[in-house]
Structure formats: C-alpha cells, structure tokens
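Report on the structure
One letter stands for each residue in the lines below.
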Number of protein chains: 2
Amino acid sequence: MKEEFRLDNQLCFRLYTASRLLTQAYNPLLSAHGLTYPQYLVLLVLWENDAQPVNDIAKRLCLETNTVTPLVQRMEKQGIVTRAKGTNDARQIIVSLTDKGQQLQTALTDVPFAVGGAIACKSLTPETVPALFQTLDDVIAQLKKSLKRDT
Amino acid sequence: MKEEFRLDNQLCFRLYTASRLLTQAYNPLLSAHGLTYPQYLVLLVLWENDAQPVNDIAKRLCLETNTVTPLVQRMEKQGIVTRAKGTNDARQIIVSLTDKGQQLQTALTDVPFAVGGAIACKSLTPETVPALFQTLDDVIAQLKKSLKRDT
DNA sequence: TACTTTTGTATCGCGAACGATATAAATAAC
DNA sequence: GTTATTTATATCGTTCGCGATACAAAAGTA
C-alpha cells in the first residue's frame, strides 16, 4: 500500500469532508426558511450586488451556468428572485432580489453566528484563521489556473 | 451589508470551492479509467482494507449508507467490486475488490503526483501542510460532534 | 418463547454539479 | 452586408448527497 494512496494523506478528502459537514451544519438553519446552501450562496452574492446576470453569479461562485440556471429558476419559483432579460445584452438574464429575498437577510442574521458556534474549536483562532483563508485562497487560485490550462 | 455575510469572509464557501475544484482536477485522470472521484475514494478505502461492509465504508468516508449503496452498486456493474451477503451478520453486504479493482491501483499510480502538481503553490510546503491537515481534521472532528448532538 | 427495539441495506425523491449539446444574440471577419 | 465565430443561457443525462421511509436480520426485553 503506497503512502500516497492513504486516505489520511489526502488533502482532497479532507476538503471534501469538511465542506460537506459544514454544509450540513448550515442545513437546519437554512431549510427552516426553505433554502439550500447553494441558494444561500446566491443570496450572499446578490446581497452584495443586486441585479446581476447569471454568468456573473456563476463566476463569483466558481460554478458553471448550467448549475446556476436551474438553481436560480427554483429560487424564482419560491419568490426570492426575479429573472428578466437584459436591456443592453438581450442574451443575458438579470437576476434580482424580490422584497422577500431582501428580507431574508434579516431573517438569517443569526446563521453566521450559529454556524460559527458549531465549528468553534481550538484550531480556529483569530490568529490562525487568516492563514487558513490565505492558504485556501491560494489553492483555489492555483487550481483555477491548472484547470484553465488543459481545456 | 453585514460583515458576516460577505462571501470573502466565509470559511464554508472556501472549503466548498476548493473541494469542487480539486475534485475537478482529479476528473480527467479518473474518468480515463471510468471512475468518478467518490468511486476513487471507495477504492482508497478498499485498498487499505479489502472486504468491508457498506456501513464501514460509509463511516470511513463520513457518508450515509444511502449514498454508498448505489455508488457501490455502480462499481459492481463495472466489475470493480463484488457484493456478497455477510456470513456472521446476514444484514451486511461485504464489498470486496475484484482483480480489476486491485489492478486499478497500479493503473492509477501517477494520479496523486499529477494532482499534487496541479495544486502546487507557495502556500503548500512541507512545513505548512501538516498544520493545514491538523486544522481541517480539527474542524471535521468538531463538526461531527456538533452534528451528532442535535439529532 | 413472543414482543419490541435496534441495526444494516436498500429504495425513493429532490436538489445540486457538471459534461455535452442546443439556441439565439452579439461580435468579428470577410 | 453576409457569413463565421464567440458569448450567454438553457436543456438533457448521469452521478452524487441526503432526508425520509421500508424491510429484514439481529439484539434486547418481558
């Protein structure tokens, strides 16, 4: 059994597991408002900048448009966002928050704190978190480059 | 716009993105052999310990059995593993590697190196990686505790 | 022994993710 | 100005991931 194949030596498995479990921690908080985690991400994007085309949302979340399109369509059905043809570019679909979508920000105020509580551990301190963020950002940037190259 | 809602302050979004992109880096290497990343994880588990019940595989990967069952069924169809009723406990399904499943380890020898190359960046050094692993393991352990509590 | 509870898999349904493909609008090339 | 190419979404098919549920085998209890 080669060392490189040991599950405990895999960065990807750790990221995969941490991501899934942390998403699960969000779940009860979000589903109480009829939301999924990816839908919450779309809300975070729109709360920062309302009225964006599908493509911009996808780029911001590093997702493909064929993931974002049905995601946003479901959110439209729930009355959280509206989808309207772009005026400058008729190909674009501009996604905007409805009042309900705006108000969700207030309803979800305590979500970041609740999740922060669920994840709090001695490895996550005001001193270590910035380094962790930096590392993950670096890895993400590097992967974007690598994945772009062999397209 | 509250600071806690900024996408750039979210640990979960970073983990989610890093996990997805790193999985994408595995994809061309694995799909060349008809494998997906979760199937590769099952292989890693079985290469470490062959002939395990579905439940043990699921626990090792922090997945539910209703995710692993169909995953393993697909691998059985591909002739990578076999599924047999347990002898001690007739409820268990013991998943074992076929010859083809064993041989895949040789065929995939260079996967860890190729992925290592795709992800190599200045934030990942022999000095920093252990700390990163430790932090992620800590976060995962903490989340397991938190998620178990409110069941 | 009979009855209840727990445990191990499996099935179902839905929402992601994403590769492949389609379509219309915008842009570039000629 | 017509044709070719690129760009922005959308649709389709497959595989996860997981909550809810079903069911049989095992373990515990009366």
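Counting restarts for each chain, with residues numbered from 1 along the sequence as it is written. Labels follow written order: the first chain is A, the first ligand is 1, and so on. This being a predicted model, a pLDDT of at least 70 is required before a residue's local features are given, and a value of 80 or more before pairs of side-chain atoms are given or counted; all residues contribute to the totals for chains, interfaces and linings. Only hydrogens and water are removed before side-chain values are computed, so all heavy atoms of the structure are retained for them.

Focus: the sheet that holds strand S3 (residues 93–97) of chain B
In sheet architecture, strand pairing relies on hydrogen bonds along the backbone and comes in two forms, parallel and antiparallel. Residue and element names in this part refer to chain B. A pair of strands is treated as paired once DSSP finds two or more bridges between them. Helix numbering and strand numbering both begin at the N terminus, where a helix is a DSSP run of H or I of at least 4 residues and a strand a DSSP run of E of at least 2. Taking strand neighbours across the sheet as the criterion, the three strands line up as S1-S3-S2 in an open arrangement whose pairing is antiparallel. With partners counted over all chains shown, the strands left at the sheet margins are strand S1 (52–53) and strand S2 (81–85), one partner each. For S1 and S3, the ladder comprises two bridges, and the chain directions are antiparallel. Across the sheet, residue Gln-52 finds its bridge partner in S3, namely Val-95.

With respect to the pattern of salt bridges
We define a salt bridge as a side-chain nitrogen of Lys or Arg found within 4 Å of a carboxyl oxygen belonging to Asp or Glu. For the structure on display, the rule yields 14 salt bridges over all chains. Notably, a salt bridge pairs Asp-138 of chain B with Lys-122 of chain A, separated by 3.6 Å at the nearest N-O pair. Of this pair, Asp-138 of chain B sits in helix H7 (residues 128–149) while Lys-122 of chain A sits in the loop between helix H6 (111–119) and helix H7 (128–149), which puts the two residues in different chains. Classification of Asp-138 of chain B as buried rests on a relative accessible area of 13%. Any residue under 20% of the maximum accessible area for its type is buried, any over 50% is exposed, and the rest in between are partly exposed; the area is computed with a 1.4 Å probe on protein chains only. Using a relative accessible area of 71% as the deciding quantity, one classes Lys-122 of chain A as exposed. Between Arg-14 of chain B and Asp-137 of chain A there is a salt bridge; the shortest N-O distance is 2.7 Å. Of the two residues, Arg-14 of chain B sits in helix H1 (residues 11–31) while Asp-137 of chain A sits in helix H7, which places them in two different chains. The exposure class of Arg-14 of chain B is buried, given its relative accessible area of 8%. Asp-137 of chain A sits in the partly exposed class, given a relative accessible area of 32%. Where salt bridges share partners, they join Arg-6 and Asp-8 of chain A together with Glu-48 and Arg-60 of chain B into one cluster.

Description of helix H1 (residues 11–31) of chain A
Given 3.6 residues to a turn, an α-helix orients residues that are three or four positions apart in the same direction. Helix span, as expected, comes to 1.5 Å for every residue beyond the first. For H1 of chain A, spanning 21 residues, the distance from its first C-alpha to its last is 30 Å, which sits close to the expected 30 Å at 1.5 Å a residue. In terms of residue burial, H1 of chain A counts as a mostly covered element, since 16 of its 21 residues are buried.

Looking at the sheet that holds strand S2 (residues 81–85) of chain A
Residue and element names in this part refer to chain A. The three strands lie next to each other as S1-S3-S2, forming an open sheet whose pairing is antiparallel. In this open sheet, the two edge strands, each paired with only one partner strand, are strand S1 (52–53) and S2. As paired strands, S2 and strand S3 (residues 93–97) are joined by five bridges and run antiparallel to one another. Its bridge partner lying in S3, Val-81 is registered against Leu-97. By the convention used here, residues are in contact when the closest approach between their heavy atoms is within 4.5 Å. Fitted lines through C-alpha atoms give the axes, limited to the stretch in contact for helices. The angle between two N-to-C directions lies from 0 to 180 degrees. The sheet contacts of helix H4 (residues 65–77) involve S2 and S3, and relative to S2 the element is tilted by about 120°.

Details of the relation of the copies chain A and chain B
Only residues with pLDDT of at least 70 in both copies count here: their C-alpha atoms drive the least-squares fit that superposes the copies. Least-squares fitting of chain A to chain B yields an RMSD of 0.0 Å, with the transformation described by 0.0 Å of translation along the axis and a rotation of 180°. One copy is carried onto the other by what is essentially a two-fold rotation axis. For chain A, the smallest separation between a C-alpha atom and the rotation axis is recorded for Leu-15 of chain A, amounting to 2.9 Å. When the interface residues of chain A are mapped onto chain B, 100% of them are again interface residues, pointing to one common binding face.

A closer look at the packing of H1 of chain B against helix H6 (residues 111–119) of chain B
Residue and element names in this part refer to chain B. In the contact formed by H1 and H6, the axes pass within 10 Å of each other and the chain directions differ by 135°. Comparing the axis directions of H1 and H6 gives the class oblique. H6 is crossed by H1, and the crossing has right-handed handedness. Residue-level contacts link Leu-22, Tyr-26 and Leu-29 of H1 to Val-111, Ala-114, Val-115 and Ile-119 of H6. Residue composition of the contact of H1 with H6, grouped by class: seven nonpolar, no polar and no charged. Orientation labels follow simple angle bins: below 35 degrees gives roughly parallel, above 145 gives roughly antiparallel, 65 to 115 gives roughly perpendicular, and whatever is left gives oblique. Handedness of each helix crossing follows the sense of rotation of the near helix against the far helix: counterclockwise by less than a right angle gives left-handed, clockwise gives right-handed. Note on residue classes: Ala, Val, Leu, Ile, Met, Phe, Trp, Tyr, Cys and Pro are nonpolar, Asp, Glu, Lys and Arg are charged, and everything else, Gly too, is polar.

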